Each structure stands twice: as structure tokens, then as C-alpha cells.
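Observations on the three-dimensional arrangement
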Amino acid sequence: AVVSTQSTGALSFHVPARKEQCFYEDVKKGDEVEIDFQVIDGGDLDIDFSAYDTELKRIAVNRREQYGSHRFEVGMSGVYKVCFSNKFSKVTSKTVFMDVYVDNGVYDEDKESVDDASLQIGLGNLNKQVDNIKSMLFKIQVQLQLSKAQRNKDQKIQNNNKIRVDRWSMVQCAFMLLMASVQVYLLKQLFKEDKQAKRTQAAKI
């Protein structure tokens, strides 16, 4: 018989300032694990990433990166850990999008007879092709999700820039109105002093 299992997981989560968020995955020897992540909101859009095996040996790391992708084969069955650290940030929290793909396909051919063996080989090849297609579709899905997260991030940056421009324009308009008021006041004072001077001169005559 041929058995092939795959598991996927995608989520978005917040990492507060000066905090670390960790996730755990129970995997078996020979499994292939792929992890993709991207910071979609907060500060300079950067995060520290680390992945550890069952013996807590670090097998992958990113320092203050906006995004990252790691793929590795499990060498020892057990619980693997991935952590996202925002400890370097004193104020700003970060929003992170993460995708995890685990391929733990196992192929075993039943050799009761030559015909059965040939059939199982054919089924095994077919299942491998199906798994390859699933893997490619998953990667496409990941890219689409990352693209969507990137668009959302760009939209938010654009909105923030628009708010800054609007506020700066309001400040400039207020400053121009203030300057215009001051100029009008000074002109009025100038004309007022001129009239008073003329009246004083006429009175003397």
C-alpha cells in the first residue's frame, strides 16, 4: 500500500514589543518542513526568527528581517520549535504572517505478487506525481498569500503617507493664514499711523 500525508498551516499573529512568540510542531524523521514568514505591520517591518530541532539546536536564523524562507529535512523525530522575537523593539509590536508546510509522505510497496508489485509501483509513481502537484499548488498558495500581505502592507503605508501629507498641508495652510493675518494687521497699523501723522501735521498748520 502507498501512504502519503501532508499538512499545512498558515496564520497571522502579533508579537508585542520586548516579547517573543514561539510555535511547536511534532514531526518525524524524514519529514520535509518548509517555513515562510513575512512581517506585514509594525515599526520597520523586521523581526528575529529562529528554528530549533528536538535537542534545541538552532538550525535556522534571521536577524531583523522583513521576510524569510527555510526548508529542511527532519533528522530526528520529535518536537521542533520556531520563535519570532521582537525583544529589540522597545515600543512597537509586529504583525507576522507565517506558513508552515510539512510533507511526511511514506511509500511502501506490497510485493505479494509480481502483478501486485507492478500495480503498487504504478500507484506509487502516481501518488508521487500527485504529491508534487500538491506541493507546487501549496507554494503558489503561499506566494499568493505573501503577495496579499505585501499589498496590504503597501496600502497601509500609502494611507499613513496620505495622512502625513494631509496633516502637513493643514499645518502649512494654518501657517499661511497666520502670516496673512499678521501682514494685514501690520498694514492696518501702518495706515493707521500714517493717518495719525497726517492729522497731527494738519493740526499744527
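See the structure above.
So, here's what we can say about the structure.

Criteria and cut-off values
Starting afresh in each chain, residues are numbered from 1 along the sequence in its written order. Side-chain atom pairs in this predicted model are given and counted only at pLDDT of 80 or more, local residue features only at pLDDT of at least 70, and totals for whole chains, interfaces and linings cover all residues. The side-chain numbers reported here are obtained from all heavy atoms of the structure, hydrogens and water having been left aside. Only strands that DSSP links by at least two bridges are regarded as paired with each other. A run of H or I in DSSP counts as a helix once it spans at least four residues, and a run of E counts as a strand once it spans at least two, with each numbered from the N terminus. Lines fitted to C-alpha atoms define the axes here, with helix axes fitted over just the stretch in contact, and angles between the N-to-C directions of these axes take values from 0 to 180 degrees. Here's how the labels work: a residue is buried when its accessible area is under 20% of the maximum for its type, exposed when over 50%, partly exposed in between, all with a 1.4 Å probe on protein chains only. In this tally Asp and Glu are treated as negative and Lys and Arg as positive; neither His nor the chain ends contributes. The term salt bridge refers to a pairing of a side-chain nitrogen on Lys or Arg with a carboxyl oxygen on Asp or Glu at a separation within 4 Å. Polar contact is the term for a pair of N or O atoms within 3.5 Å; when the atoms are in protein, one must be able to donate a hydrogen and the other to accept it, and sequence-neighboring residues count only if both atoms are side-chain atoms. Cysteine sulfurs are considered disulfide-paired once they come within 2.5 Å of each other. Every residue pair with non-hydrogen atoms within 4.5 Å of one another is taken to be in contact. The residues that make up patches have over 30% relative accessible area and no salt bridge, and they are joined within 9 Å when like-charged or within 5 Å when they are Val, Leu, Ile, Met, Phe, Trp or Tyr. For every accessible area listed, the method is Shrake-Rupley and the probe measures 1.4 Å; residues are considered covered only by the protein chains on display.

Attention now goes to the sheet that holds strand β3 (residues 20-27). Spatial ordering of the open sheet is given by β3-β8-β5-β6, a layout of four strands whose pairing is antiparallel. Here the strands that pair on one side only, and so sit at the sheet edges, are β3 and β6 (58-65). When strand polarity is set aside, the average angle formed by the axes of neighbouring strands in this sheet is 10°. Note that strand β5 (residues 47-52) and β6 share five bridges and pair antiparallel. Within β6, the residue paired with I47 across the bridge is E65.

A few words now on the side chain of D53. Take D53: it is sitting in the loop between β5 and β6. It is K57 that comes nearest to the buried, bridge-free D53 among opposite-charge side chains, at 5.7 Å. A distance of 2.7 Å separates a polar atom in the side chain of D53 from the backbone nitrogen of K57.

This part covers the state of the cysteines. For the coordinates displayed, the defined rule picks out one disulfide. Disulfide partner of C22: C83, at an S-S distance of 2.1 Å. Here the disulfide of C22 and C83 is right-handed, its torsion about the S-S bond being about 110°. Of this pair, C22 sits in strand β3 while C83 sits in strand β8 (residues 78-85); the two residues are 61 residues apart in sequence, bridging distant segments of the chain.

Looking now at unusual backbone geometry. A positive phi angle is found at R18, which is not glycine, with a value near 60°. Along the polypeptide, R18 turns up in the loop between β2 (6-15) and β3. Its identity is not glycine, yet L56 carries a phi of approximately 60°, on the positive side. Assignment of secondary structure puts L56 in the loop between β5 and β6. Look at L56 and you get exposed, because its relative accessible area is 56%.

On to the side chain of D48, then. Residue position: D48 is located in strand β5. Among the polar contacts made by the side chain of D48, one reaches the main-chain amide nitrogen of R64 at a distance of 2.7 Å. With residues up to four places along the chain from it excluded, the contact list for D48 reads N62, R63, R64, C83, F84, S85 and F88.

A separate point is the pairing of strand β9 (residues 94-103). Of all ten residues making up β9, ten are buried, and the element is well covered by its neighbours. Residues of β9 alternate between two faces, with K94, V96, M98, V100 and V102 on one and T95, F97, D99, Y101 and D103 on the opposite face, all of them buried. Taken together, the nine bridges between strand β4 (residues 32-41) and β9 define a ladder with antiparallel strand orientation. Pairing of D36 across the sheet is with D99, part of β9.

This part is about a nonpolar patch on the surface. A cluster of nonpolar side chains, namely I133, M136, L137, I140 and L144, defines an oily patch on the protein surface of about 520 Å² accessible area. Its place among the elements puts M136 in helix α1 (residues 114-204). By relative accessible area, M136 is classed as exposed at 51%.

Function cannot be inferred from these measures alone, as they are strictly geometric.
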